Amino acid sequence: MNPLIEFCVTNLADGSQEVKEKLEKDPDLDVQEWGCLNHCGMCAIKNYALVEGQRIFANSPDELLEKIYEYLEEEELI
């Protein structure tokens, strides 16, 4: 089973869309988009995603992508 990475549609519009698109190209990951992930306070401030339920926040899309892969490697999910 592949690690699940989830995105909020509102946060995608605020810059995370490019991260989602890059992750979708990785065959070892499952990527989903939801209307809301109930993290509205942070969603409005930073780019973020849920990786296997763990919140990953970053100040830029590039940083978010890097942190997601770092987390996946640290947790030995990929």
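Placed above this text is the structure.
Residues numbered from 1 in each chain as written. Predicted model: local features only at pLDDT ≥ 70, side-chain atom pairs only at ≥ 80, totals over all residues. Heavy atoms only, no water.

## A word on the environment of Pro27
Looking at the element boundaries, Pro27 is found in the loop between α1 (9-24) and β2 (30-34). A relative accessible area of 67% places Pro27 in the exposed class. Measuring from C-alpha to C-alpha, the distance between Pro27 and Asn2 comes to 8.5 Å, with 25 residues separating the pair along the chain. (Helix = DSSP H or I, 4+ residues; strand = E, 2+ residues; numbered from the N terminus. Buried < 20%, exposed > 50% of the residue type's maximum accessible area, 1.4 Å probe, protein only.)

## Quick notes on the side chain of Ser16
Take Ser16: it is sitting in helix α1. Among the polar contacts listed, one links the side chain of Ser16 to the side chain of Asn47, at a separation of 3.2 Å. When sequence neighbours within four positions are dropped, the list of residues in contact with Ser16 reads Phe7, Asn11, Asn47, Tyr48 and Leu64. (Polar contact = N/O pair within 3.5 Å; in protein donor to acceptor, adjacent residues only side chain to side chain. Contact = heavy atoms within 4.5 Å.)

## Regarding the environment of Lys22
Structurally, Lys22 can be placed in helix α1. Given the relative accessible area of 41%, Lys22 is considered partly exposed. With 14 residues separating them in the primary sequence, Lys22 and Cys36 have C-alpha atoms 21 Å apart. Sequence-distant contacts of Lys22, that is, excluding residues within four places in its chain, are made with Asp62 and Leu65.

## Describing the pattern of salt bridges
Under the counting rule described, the total for this entry stands at 3 salt bridges. With a closest N to O distance of 3.3 Å, Glu33 and Lys20 form a salt bridge. Linking Glu33 in strand β2 with Lys20 in helix α1, this pair joins segments that are 13 residues apart in sequence. Owing to a relative accessible area of 9%, Lys20 belongs among the buried residues under this scheme. In this structure, Lys67 engages Glu63 in a salt bridge whose closest nitrogen and oxygen atoms are separated by 3.4 Å. (Salt bridge = Lys/Arg side-chain N within 4 Å of Asp/Glu carboxyl O.)

## Some details on helix α3 (residues 61-74)
Taking 1.5 Å as the rise per residue, α3 with 14 residues should run 20 Å; its terminal C-alpha atoms sit 20 Å apart, in good agreement. When we look at burial in α3, the residues that qualify are Pro61, Leu64, Leu65, Ile68, Tyr71 and Leu72. Projected onto a plane normal to the axis of α3, the buried residues spread over an arc of 130 degrees and lie on a single side. In α3, those exposed residues whose orientation departs by more than 90 degrees from the buried face are Asp62, Glu66, Glu73 and Glu74. Of the surrounding elements, those touching the buried residues of α3 are β1 (4-8), α1, β3 (47-51) and β4 (54-58). One or two positions beyond α3, positive phi appears at Glu76, with a value near 55 degrees. (Expected span 1.5 Å × (residues − 1). Arc of directions from axis to C-beta.)

By themselves, these observations are geometric and do not establish any function.
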